[in-house]
Amino acid sequence: MSKSLFIGFFRLFILFISFTFVSHYSFAQDLMVQTDTVKVDFFAIGQPSFLKIHGKSEQLNGKIQIKNKKLTASFQFPLNTLNTGIKLRDKHMKKKYLETKAHPNAVFEVKSWDIPNADQLFSTGLDATLSGTLTIRKIPQKVDVQLQLTPEGKNLKVLAKLKTKISDFNIELPSFMGITVAEDIDLQIAFDAATKEK
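Residues numbered from 1 in each chain as written. Predicted model: local features only at pLDDT ≥ 70, side-chain atom pairs only at ≥ 80, totals over all residues. Heavy atoms only, no water.

## Focus: the overall build of the protein
For clarity, the threshold we go by: Secondary structure elements follow DSSP: runs of H or I of four or more residues count as helices, runs of E of two or more count as strands, with numbering from the N terminus. Working definition: with a 1.4 Å probe on protein chains only, accessible area under 20% of the residue-type maximum means buried, over 50% means exposed, and in between means partly exposed. Whether two residues are in contact is decided by their heavy atoms: any pair within 4.5 Å suffices. Each accessible area is a Shrake-Rupley result for a 1.4 Å probe, and residues are judged covered by the shown protein chains and nothing else.
Summing up its helical and strand segments, the protein has three helices and 12 strands in all. Counting all 198 residues of the protein, 39% fall into the buried class. If you take every contact in the protein between residues at least 6 apart in sequence, the share linking residues at least 24 apart comes to 62%. Element-wise, carbon and sulfur atoms account for 58% of the exposed surface of the protein, whose accessible area totals about 12200 Å².

## Some details on the side chain of Asp30
Using the following cut-off: As used in this structure description, the phrase polar contact means that two N or O atoms lie within 3.5 Å; if the pair is within protein, one of them must be able to donate a hydrogen and the other to accept it, and residues adjacent in sequence are counted only when both atoms belong to side chains.
When you line up the elements, Asp30 lands in strand E1 (residues 29–33). Under the relative-accessibility criterion, Asp30 is labelled buried at 7%. Among the polar contacts listed, one links the side chain of Asp30 to the side chain of Gln65, at a separation of 3.0 Å.

## Remarks on the nonpolar core
The cut-off we apply is this: Among buried residues, those of type Ala, Val, Leu, Ile, Met, Phe, Trp, Tyr and Cys that are joined through side-chain atoms within 4.5 Å constitute a nonpolar core.
Formed by 49 residues in total, the largest nonpolar core has its most connected members in Ile64, Phe75, Phe108, Trp113, Ile115 and Phe191. In contact with Trp113, not counting residues within four places along its chain, are Lys69, Lys70, Leu71, Leu126, Ala128, Thr129 and Leu130.

## Things to note about the pairing of strand E7 (residues 126–136)
To be explicit about the condition: Two strands are counted as paired when DSSP detects at least two bridges linking them.
Most of E7 sits inside the fold, with eight of its 11 residues counted as buried. Pairing analysis gives three bridges linking strand E6 (residues 105–114) to E7, with the strands arranged antiparallel. Pairing of Phe108 across the sheet is with Leu134, part of E7. Linking E7 back to strand E8 (residues 139–152) in an antiparallel pair, the connection comprises two residues, with Arg137 at a positive phi of about 55°.

## Points about the pattern of salt bridges
Note the cut-off: A side-chain nitrogen of Lys or Arg and a carboxyl oxygen of Asp or Glu constitute a salt bridge if their distance falls within 4 Å.
Scanning all chains against the criterion turns up seven salt bridges. Of the charged contacts, one joins Glu99 and Arg137 as a salt bridge, the two residues approaching to 2.6 Å between their closest N and O atoms. Residue Glu99 is located in the loop between helix H2 (87–98) and E6, and its partner Arg137 is located in the loop between E7 and E8; the two are separated by 38 residues in the primary sequence. Asp186 serves as the salt-bridge partner of Lys163, at 2.8 Å between the closest nitrogen and oxygen. With Lys163 in strand E9 (residues 155–165) and Asp186 in strand E12 (residues 184–197), this pair connects stretches of sequence that are 23 residues apart. In this structure, a network of salt bridges that share partners links the residues Lys165, Glu183 and Asp184.

## Observations regarding the pairing of strand E5 (residues 70–78)
Bridge count between strand E4 (residues 61–67) and E5: seven bridges; the pairing is antiparallel. When the bridges of E5 are listed, Lys63 appears paired with Ser74. Hairpin connection, E4 to E5: the antiparallel pair is bridged by two residues, and Asn68 has positive phi, about 50°. Of the pairings in the sheet, the one linking E5 to E6 comprises eight bridges and is antiparallel in character. Counterpart to Lys70 in the pairing with E6 is Asp114.

## Structural notes on H2
Stated formally: Working note: the arc is built from the helix axis to C-beta atom directions.
Residues of H2 that are buried include every one of Arg89, Asp90, Met93, Lys94, Tyr97 and Leu98, and no others. Looking straight down H2, one finds that the buried residues subtend no more than 125° of arc, so they occupy a single side. Exposed residues lying more than 90 degrees from the buried face of H2 are Lys87, Leu88, Lys91 and Lys95. Tucked into the core, H2 has its buried residues touching strand E2 (39–47), strand E3 (51–57) and strand E10 (175–176). Just beyond H2, the residue with positive phi is Glu99, at close to 50°.

As structure tokens, then:
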């Protein structure tokens, strides 16, 4: 191979690599929640019996957007879908405390977050803590989220964990049949996000 031909191939290779990198991280990518993969869990403790309360749901809507090595996100969770396994308790919680008729959704948003090691996101994944805003009953609160992103091809498996307090949203501590729920709540959200490139 002549020197000029080799240089030509080398330049073409560099151009291809540069285009691939710029395309992957400069243009916006929307990762949509795959609703059939959603698992939402919340954990609380009842007092005085230290009864463990485990609520579940399989509904969540929203997306993650990645652009210029930054992440933004917005999710809506229908509070009326929470299920603790006791219908009367669920009805009591949704009507009296969460007031889901007036405030049907909890909303979580991340405005702009710099992704650590962004160039490796779709190869090695990510395990980090970020800050976002959780809004319940129209009351926004800053929360820290432990975020784990695991790549699956062009898609991501998402696992998010956070802690919050009922009192942060001006909600009276729920009480049912002599058991009062402690104000500390642990939330865990898992879902697959499918990439839709712009």
